[in-house]
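What follows is each chain in one-letter form.
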There are 2 protein chains.
Amino acid sequence: MAGEGGSSVTMKTLAERLGVSVTTISNAYSKPDRLSPELREQILSEAKLVGYCGPNAAGRALRSGKTDVCGFLFGGELAEAFADPYTVAFLAGLSETVERFGASVLLLRAPGDGEQAEEQLLQRAAIDAIVTCSPSSDHPGTRALAARGVRVVGAQDAESGDWVTINDTKAGRLVGKHLAGLGHRRIVVIVPGFAPEGEVVSLPADGSGCSRFAAERIRGLREKLPDASITVVCGGWKPKPAGRLAAAHVLDVQDRPTAIVALSDALALGVWDAARERGLTPGRDLSIVGFDDIPDAGFIGLTTVRQPITDKGRLAGRLAMDPDYPQRQITLPIELVVRSSTGPAPKN
Amino acid sequence: MAGEGGSSVTMKTLAERLGVSVTTISNAYSKPDRLSPELREQILSEAKLVGYCGPNAAGRALRSGKTDVCGFLFGGELAEAFADPYTVAFLAGLSETVERFGASVLLLRAPGDGEQAEEQLLQRAAIDAIVTCSPSSDHPGTRALAARGVRVVGAQDAESGDWVTINDTKAGRLVGKHLAGLGHRRIVVIVPGFAPEGEVVSLPADGSGCSRFAAERIRGLREKLPDASITVVCGGWKPKPAGRLAAAHVLDVQDRPTAIVALSDALALGVWDAARERGLTPGRDLSIVGFDDIPDAGFIGLTTVRQPITDKGRLAGRLAMDPDYPQRQITLPIELVVRSSTGPAPKN
DNA sequence: ATCGTTCACTTTAACGATCAACTTCGAGGT
DNA sequence: ACCTCGAAGTTGATCGTTAAAGTGAACGAT
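Cut-off values and rules
- Residues numbered from 1 in each chain as written.
- Chains lettered and ligands numbered in written order.
- Predicted model: local features only at pLDDT ≥ 70, side-chain atom pairs only at ≥ 80, totals over all residues.
- Heavy atoms only, no water.
- Helix = DSSP H or I, 4+ residues; strand = E, 2+ residues; numbered from the N terminus.
- Rg over C-alpha atoms; globule rule 2.2 N^0.38 Å.
- Buried < 20%, exposed > 50% of the residue type's maximum accessible area, 1.4 Å probe, protein only.
- Areas by Shrake-Rupley, 256 points an atom, 1.4 Å probe, with all protein chains shown as cover.
- Lys, Arg positive; Asp, Glu negative; His and termini not counted.
- Charge placed at Lys NZ, Arg CZ, Asp CG, Glu CD.
- Least-squares fit on C-alpha atoms with pLDDT ≥ 70 in both.
- Contact = heavy atoms within 4.5 Å.
- Domains from an automatic or database assignment.
- Pairing = 2+ DSSP bridges.
- Near = heavy atom within 4 Å.
- Polar contact = N/O pair within 3.5 Å; in protein donor to acceptor, adjacent residues only side chain to side chain.
- Nonpolar A, V, L, I, M, F, W, Y, C, P; charged D, E, K, R; others polar.
- Core = buried A, V, L, I, M, F, W, Y, C linked by side-chain atoms within 4.5 Å.
- Buried area = accessible area lost by both parts, 1.4 Å probe.
- Salt bridge = Lys/Arg side-chain N within 4 Å of Asp/Glu carboxyl O.

Things to note about the overall build of chain A
On a plain count of helices and strands, chain A comes out with 14 helices and 13 strands. Taking 2.2 N^0.38 as the reference for a compact globule, 348 residues should give roughly 20 Å; the C-alpha atoms of chain A span a radius of gyration of 25 Å, well beyond that estimate. For chain A, the C-alpha atoms occupy an extent of roughly 90 × 40 × 35 Å along the three principal directions. Taking all 348 residues of chain A together, 54% fall into the buried category. Accessible surface computed for chain A: about 15,300 Å², of which carbon and sulfur atoms make up 50%. Between the centroid of the 39 positive side chains of chain A and the centroid of its 41 negative side chains there is a distance of 4 Å.

Here it is in structure tokens:
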């Protein structure tokens, strides 16, 4: 009937058929109280008849500057985002709120250095606001967005602007205190980050060279473990393999650590595998601690620092969609959940 | 420096500052070979200087009709999509491919009957293509999109157009044959679908009243179990609770079934819980079968019909982004994975 | 009778970019 | 000297919508 490929029924079509102005058609959709109910009804039924399905998004966005889309920025391939339970839980909360505000979520990838194509994709995104999940909200691409008038909400590592985070130093302290109490003195911290494929990189133990949140957790940890030997290593971005690789690297030496602190549960899962592969029982031969408290953590008995992940997503969505929400910088509560993966340091 | 809230540096700004035409600026971004490299360099550096960050998405989309966005349509609240491992795995594949085509994924919710607001959101979405995950691609909203020129790819229950699916009848047969061989004759099928909150609905055993894919699986099942008593029930959309509720309903009667077939692993997980709550050991006292083979299925030992979920997402993305891909209707291979959740029917 | 208002629309002018069709200029072939 | 051709730009129209300002009629208040 109507169109075949790309039908071009526009407001103009309707306006001509009904003998009214285009603005009136527009109002029928966007400002129903500006025209008589009868006319509006007539317009809507004519629309159905000719197969007009509402204002064109591009035209609307161009003129009004609103897109009803909230971006979600992830610092890696999107496929990885879905492989990470933390991110999935966050997205659940985010999309719930965004949906409630009558908007949709656009998944975007943060461009790495020199990734032209990705950079363009991010800059060209038609969005009203963006929530940055793993990369810092001080990322250069993000700055450009902010300059363009896009509201930016950081959900990790934000230094300025709007954010929803946890107190990472405190999180580190919780773990430090717990491990100190169990007598651990040889500790390895595994952080997410860049490492050449298949290699493990050692980093300064003061947390420099790590992302901000990592540095703060390490700081908190060291505060409560002043006389412990703490090493920081990194096995890459992809959490589970990175955790496994890094753990393998530090477990296959003479003075192996008595505890491994992985900066996310997803990393810790990889550590877990590495431990089991070596016949080490978590909690007895090797203590393992994670962060986040993803569902699997409870399942396998991983000691971790819980944060309300889905709530974080919900709040981030709120800040993104509602410019009038009063509290623009939110710190969420955290809590140490002790399970079977930690125990007294084995004597050697 | 440049703008404060919504800076308005456009191509025109650049054109005037450099004394060239707007089209040339446009070409510098979209068609680099249409101008001299030197001029292009000059334009890009001036852009950086004044804080111009690439063509505005809305303007571009309006004029060219391209958005570089692929929609993902889910038939329920998006938060639920993230709670369902099947959907998450599918999204991982989808976004991987879409990303490779230089586009992004927009998460959309399929409007239910009479959901005005949602309907508008879907119709107004600025997308080039859309992949329909749980709702049928014959959904009314989807038809409207197709009329607008949006490429539609069905990833379940598609009857026409482009799709990527499995052979659901065959899937049903695989399960039917397996259960027949184990001597099961009293079987309950749990389907996803609408049920009043907290209630369990009985449906015709021929699969009518179910979604298409469910009807076909039931058909295949019955084919291999001609003399069995098969009952079909539904406990709602939210998989795990629905499975638990429906299973509870059919397990608390005198002649309880010896096998429960849940049409997704997520549903089966709920059945599992219901069984354990009643002291029934899956595989001994009650056989449980799922579909999909999500990661947790392997973990707990659920017998299921495996389908390559992530590949399905990848292919759906391919069809959505590449109109020239020759094969437009793809049936993926499936395979019965027998684990410990099924066993011989207990004699009674 | 006059004024101010409200109602229900219309008119005009963008929003930012891209496309199709031209121009200009110099190089190369015959 | 004449014609063709490609490279490198330009011009003008247009995509579909909405904001802002304007029109004319009806109505109540003064």
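Next comes the rest of the description.
Some details on the relation of the copies chain B and chain A
Once chain B has been moved 0.1 Å along the axis and rotated by 180 degrees, it coincides with chain A to within an RMSD of 0.1 Å. Here the symmetry operator amounts to a two-fold rotation axis. Measuring from the rotation axis to each C-alpha of chain B, the shortest distance belongs to Leu106 of chain B, at 2.1 Å. Most of the interface of chain B is mirrored in chain A: 100% of its interface residues are interface residues there too.

Regarding the domain arrangement of chain A
Partitioning chain A into domains gives domain 1 (11-55), domain 2 (69-165) and domain 3 (167-307). Taken over C-alpha atoms, the centre of domain 1 of chain A sits 61 Å from the centre of domain 3 of chain A.

Structural notes on the pairing of strand β6 (residues 186-191) of chain A
Residues and elements named next belong to chain A. In terms of burial, β6 is largely enclosed, as 5 of its 6 residues are buried. Where β6 and strand β8 (residues 229-234) come together, 6 bridges link them in parallel fashion. Residue Arg186 lies in a different strand from β8, and its bridge partner there is Ser229.

Some points on the protein's contact with DNA strand C
Residues in contact with DNA strand C amount to 25 residues; listed here are only the nearest, Thr24 of chain A together with Ser26, Lys31, Tyr52 and Arg63 of chain B. Within 4 Å of the protein, atoms of DNA strand C come from sugar and phosphate in 63% of cases. Between DNA strand C and Asn56 of chain B, the relevant distance is 2.8 Å, taken from a phosphate oxygen to a main-chain nitrogen or oxygen of the residue. Where the surface near DNA strand C is concerned, the elements lending two or more residues are α2 (22-30) and α4 (57-64) of chain A together with α2 (22-30) and α4 (57-64) of chain B. Partitioning the surface near DNA strand C into residue classes produces 9 nonpolar, 12 polar and 4 charged.

Focus on the nonpolar core
Residue and element names in this part refer to chain B. Core analysis: the biggest nonpolar cluster contains 161 residues, and Phe90 and Val261 have the highest contact counts within it. If we ignore the near neighbours within four places in the chain, the residues touching Val261 are Val175, Leu179, Ile187, Val188, Val189, Ile190, Leu221, Val289 and Phe291. One finds Val69, Leu122, Ile127 and Val150 within the second-largest nonpolar core, a separate group that totals 24 residues.

Considering the interface of chain B and chain A
In many reports, interface size means the accessible area that the parts give up when they come together. Counting residues at the interface gives 44 residues for chain B, matched by 44 residues for chain A. Of the roughly 3,600 Å² buried between chain B and chain A on both sides combined, carbon and sulfur atoms contribute 63%. In this assembly, chain B and chain A are joined by 2 salt bridges. We note a salt bridge from Glu99 of chain A to Arg109 of chain B, for which the minimum N-O separation is 3.1 Å.

As for the pattern of salt bridges
If you walk through the whole model with that rule in mind, you get 40 salt bridges over all chains. In this structure, Asp227 of chain A and Arg185 of chain A form a salt bridge, with 3.8 Å as the shortest nitrogen-oxygen distance. Taken together, the residues span a long stretch of sequence, with Asp227 of chain A in the loop between α10 (212-224) and β8 and Arg185 of chain A in the loop between α9 (168-181) and β6 at a distance of 42 residues. When its relative accessible area of 55% is taken as the criterion, Asp227 of chain A is described as exposed. Notably, a salt bridge pairs Glu96 of chain B with Arg100 of chain B, separated by 3.7 Å at the nearest N-O pair. With a gap of 4 residues between them, Glu96 of chain B and Arg100 of chain B both fall in helix α6 (residues 85-100), about one helical turn apart. Its relative accessible area of 62% is what places Arg100 of chain B among the exposed residues.

Regarding unusual backbone geometry
The phi dihedral of Asp157 of chain A is positive, around 65 degrees, even though this residue is not glycine. Mapped onto the fold, Asp157 of chain A is located in the loop between β4 (151-154) and β5 (162-166).

A closer look at the protein's contact with DNA strand D
Inspection of the region around DNA strand D gives 25 residues, with Ser26, Lys31, Tyr52 and Arg63 of chain A together with Thr24 of chain B positioned closest. Sugar and phosphate atoms form 66% of the subset of DNA strand D atoms that lie within 4 Å of the protein. Contacts to DNA strand D include Asn56 of chain A, whose backbone N or O atom sits 2.7 Å from a phosphate oxygen. Contact distances for DNA strand D include 2.8 Å between a phosphate oxygen and a backbone N or O atom of Ser36 of chain B. Looking at the surface near DNA strand D, the elements that each hand over two or more residues are α2 and α4 of chain A together with α2 and α4 of chain B. Its residues assigned to classes, the surface near DNA strand D comprises 9 nonpolar, 11 polar and 5 charged.

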